[in-house]
Amino acid sequence: MQPIRIDEKRALAHLMDLLAIEGLSGSETKVAAAVKKKARAAGARPGWIKFDDAAKRIGDGYQVGNLIVTLPGTIKAPRRLLMGHMDTVPLCRGAVPVRRGNRIVSQGNTGLGADNRTAVACMVTVLENVLTRGLDHPPLTFCFTVGEEVGLRGALALRKKDLSNPKLGFNIDGGDPRDLWIGALGADRWEVDVRGVSAHAGVHPDHGVSAALIAARAIEDAAARGYFGKIRMKGKTGTANVGVIRGGEATNQVTDRVYVKGESRSHDVRFKARITDVWRAAFERQAKRVKNNKGVQGRAVFRSETDYDPFQIDRRAPVVLEAVAAAKQVGLKLRLRSAEGGLDANHVNAKGIPTVTMGAGQHGPHTVDEYVNVREYLDGCRLALRVATV
Ligand SMILES: [Zn+2]
C-alpha cells in the first residue's frame, strides 16, 4: 500500500480556481472547461475525456452533459466511480472566494459554491495524483454531473455504459469527511389543477364552484389525517408540503382555477407513495363535495411523479467496507448515516451501482454564510485518493 499524502498547496489552488468560476445548473460549460484543462495538464489523454448526451436529453437549454473521464487501471480490479456535481445554486452567482484561517468564505454577499466545487476540486486532485505520481489504481471513472441542484437531473440521465460499468461508487457532496452517507430518502413531486365554475361573486355566488374552497379543504383534509409537515404513522415517517398555490383573478369572481404544487418524502418507498396517495384522495374527495346550485361538482386533476427513490446500502456491503477501510488508513473514523435530502447517489444506486456519499468540507450550503473547512477538504481529498488507489 502506498502512503496517502497530497500536495496541499496544489489541492487548495484547484479549489480556489474552481470556486471562482460561475456555473449555475444548466450552465456548467466554464466549470467543465476548467476541469478538462486541469485533467489534460495532469496527463489525461484526450480520448479518456468526454461528455455524455445528457444535455440533449434534458433539454431546457442545458449547455453541456455530464463530463466523464475514464482511466484504464494499472491493476486488475472492479472499476470504481468517483462523482460530484459541477453546478451551484443561483445565490453563488459572482462569488469571490477568500481564505480566512481554516476557512474559505465568499467575499461579498453571495453563496460560495463549496457545494459542490469542493467535490470537483477533490476529484481533480485525485486525478492529478493518480496520473502524475504513478500510483497503482483500479480502472477509474470520474463523473462531473450537471443540474444536481434542480432535481438531480444530470445523475438521472446517466447511463451505466457511458460510465464504463463501474462496480462501486463514491459520490462526494458533503461536509465532514467522517460522515459516510449510506442511504437517503426519496421524494415525489406532485401538482394539482383544481377546477371549479366561475360566477359573479356578488350576484350569483351560488352558480359558482370555488376552486379556492376545494383547495383549502383538501389541504385541511390531508392535514387532519396527519399528512402535513412531519408525518408519523404506525412506525413509518415522512414529510409532506404544499409549496405553491396560485390562482384567481378578481375578488368579484368565484375562483374557477387554482394550481397547487407539493411534495412527499420518506426513507420508505412504499410510505412515500402512500403519502402522495393521501394527498391525491384528499383533493379528489373535496372537489366532489363542493357543488353549485345545479349540483355541478368541482374537479381535481392530480399528477405526481417520482423525483427520486430512497436507498439504503447494507453496512457490510463492499462499497461501505472499502470506504471505512480507506478512512482508517487516512486516520478518520467514519460514522455511517442516512441523508434527509436527495443526492445524485439516489439515481446512481437506482441504476445498480452501489454508491456511498462522502464529504469534502462544504458547510452552510445555499446560504451567504457558506464556507469550506480547509482541514476537512484536505482530509476529503486524502480519503478520495485512498479510495481511488490501492
Ligand atoms: Zn450538493
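Engineer: Talk me through the domain arrangement of the protein; I want residue IDs and the actual numbers.
Structural biologist: Under the domain assignment used here, the protein contains domain 1 (8–185 + 310–388) and domain 2 (186–307). Computed from C-alpha coordinates alone, the two centres of domain 1 and domain 2 are separated by 39 Å. Of the residues lining the interface, seven residues belong to domain 1; the matching set on domain 2 comes to eight residues. Of the residues belonging to the side of domain 1 that touches domain 2, the class tally is two nonpolar, five polar and no charged.

Engineer: So, the sheet that holds strand E11 (residues 236–247): which residues are in play, and what are the values?
Structural biologist: The antiparallel open sheet is built from five strands, whose spatial order is E10-E11-E12-E9-E13. Bordering the open sheet on either side are strand E10 (229–233) and strand E13 (299–308), each of which pairs with just one other strand. On average, each strand axis in the sheet is tilted by 25° relative to the strand beside it, whichever way the strands run. In terms of strand pairing, E10 meets E11 through five bridges, oriented antiparallel. For Met 233, the partnering residue across the bridge sits in E11 and is Lys 236. Along the sheet, helix H6 (residues 211–224) contacts strand E9 (186–195), E11, strand E12 (257–266) and E13; its crossing angle with E12, the most-contacted strand, is approximately 15°.

Engineer: Residues and numbers for helix H1 (residues 8–19), please.
Structural biologist: The first and last C-alpha atoms of H1 sit 16 Å apart over twelve residues, in line with the 16 Å expected at 1.5 Å per residue. Every buried residue belonging to H1 is among Ala 11, His 14, Leu 15, Leu 18 and Leu 19, and all of these are buried. Buried residues in H1, looked at end-on, bunch into an arc of 125°, giving them a common side. In this structure, the buried residues of H1 make contact with helix H2 (29–41), strand E4 (97–100), strand E5 (103–106), helix H4 (114–132), strand E18 (371–373) and helix H10 (374–388).

Engineer: Help me get a handle on the environment of Phe 142, residues and values and all.
Structural biologist: Along the chain, Phe 142 turns up in strand E6 (residues 140–145). Taking C-alpha positions, Phe 142 is 21 Å from Glu 8, a pair spaced 134 residues apart along the chain. Beyond its immediate sequence surroundings of up to four residues, Phe 142 is in contact with Val 69, Leu 82, Met 123 and Leu 127.

Engineer: Could you give an account of the sheet that holds E4, with specific residues and numbers?
Structural biologist: Taking strand neighbours across the sheet as the criterion, the four strands line up as E4-E5-E18-E17 in an open arrangement whose pairing is antiparallel. Looking along the sheet, the strands with just one partner apiece sit at the ends: E4 and strand E17 (362–363). Lying on the sheet, H10 is in contact with E5 and E18; it crosses E18 at an angle near 65°.

Engineer: Explain the pairing of strand E8 (residues 179–184) to me, and be specific about the residues and the numbers.
Structural biologist: Consecutive residues of a regular strand have side chains that alternate between opposite faces of the sheet. Burial analysis of E8 places five of its six residues in the buried class, the great majority of the element. By the bridge criterion, five bridges tie E8 to strand E15 (residues 335–339) in an arrangement that is parallel. Residue pairing in the sheet places Asp 179 in a bridge with Arg 335 of E15. Summarising the sheet, E8 and strand E14 (residues 311–312) pair through two bridges and their orientation is antiparallel. Bridge assignment links Ala 184 to a residue of E14, and that residue is Phe 311.

Engineer: Describe the packing of H4 against H10, with residues and values.
Structural biologist: Where H4 meets H10, the closest approach of the two axes is 9 Å, and the angle between their N-to-C directions is 50°. Overall, the two elements H4 and H10 adopt an arrangement that is oblique. Along this stretch, H4 crosses H10, giving a crossing that reads as right-handed. Residue-level contacts link Thr 118, Cys 122, Thr 125, Val 126, Asn 129 and Val 130 of H4 to Tyr 377, Gly 380, Cys 381, Ala 384, Leu 385 and Ala 388 of H10. The class makeup of the residues in the contact of H4 with H10 is eight nonpolar, four polar and no charged.

Engineer: Talk me through H4; I want residue IDs and the actual numbers.
Structural biologist: The periodicity of an α-helix, 3.6 residues per turn, causes residues three or four places apart in sequence to face the same way. With 19 residues, H4 extends 26 Å between its outermost C-alpha atoms, agreeing within 8% with the 27 Å of an ideal straight helix rising 1.5 Å per residue. Burial runs high along H4: 17 of the 19 residues are buried. Positive backbone phi, at 60°, marks Gly 134, one or two positions downstream of H4.

Engineer: Requested: an account of unusual backbone geometry, with residues and values cited.
Structural biologist: As a rule of thumb, non-glycine residues mostly have phi less than zero, and peptide bonds are mostly trans rather than cis. With an omega dihedral of 20°, the bond running from Asp 115 to Asn 116 counts as a cis peptide bond. Looking at the element boundaries, Asn 116 is found in helix H4. Its identity is not glycine, yet Leu 152 carries a phi of approximately 55°, on the positive side. With respect to the helices, strands and loops of the structure, Leu 152 is situated in the loop between E6 and helix H5 (153–157). At Lys 234, a residue that is not glycine, the phi angle is positive and equals roughly 50°. Looking at the secondary structure, you find Lys 234 in the loop between E10 and E11.

Engineer: Could you give an account of the pairing of E5, naming the residues involved and the relevant values?
Structural biologist: A one-sided burial pattern is seen for E5, the buried positions being Ile 104 and Ser 106 and the unburied ones Arg 103 and Val 105. Strand direction decides the pairing type here: E4 and E5, joined by four bridges, are antiparallel. In the strand pairing of E5, Arg 100 is matched with Arg 103. The turn joining E4 and E5, which pair antiparallel and follow one another in sequence, is formed by two residues; a positive phi near 65° is taken by Gly 101.

Engineer: Mind laying out the packing of H6 against helix H7 (residues 269–289), listing which residues take part and the relevant values?
Structural biologist: In contact at an axis separation of 8 Å, H6 and H7 are set at 135° when each is read in the N-to-C sense. By the angle between their axes, H6 is oblique relative to H7. As H6 runs across H7, the sense of the crossing is right-handed. Between H6, through Ile 214, Arg 217, Ala 218, Asp 221 and Ala 222, and H7, the contact on the second element is made entirely by Val 278, Trp 279, Ala 282, Phe 283, Arg 285, Gln 286 and Ala 287. Partitioning the contact of H6 with H7 into residue classes produces eight nonpolar, one polar and three charged.

Rules and cut-offs
Residues numbered from 1 in each chain as written. Predicted model: local features only at pLDDT ≥ 70, side-chain atom pairs only at ≥ 80, totals over all residues. Domains from an automatic or database assignment. Contact = placed C-beta atoms within 7 Å. Nonpolar A, V, L, I, M, F, W, Y, C, P; charged D, E, K, R; others polar. Pairing = 2+ DSSP bridges. Helix = DSSP H or I, 4+ residues; strand = E, 2+ residues; numbered from the N terminus. Axes fitted to C-alpha atoms, helices over the stretch in contact; angles between N-to-C directions. Expected span 1.5 Å × (residues − 1). Buried ≥ 20, exposed ≤ 12 C-beta atoms within 10 Å, placed from the backbone. Arc of directions from axis to C-beta. Parallel < 35°, antiparallel > 145°, perpendicular 65-115°, else oblique. Left-handed = near helix turned anticlockwise from the far one by under 90°.

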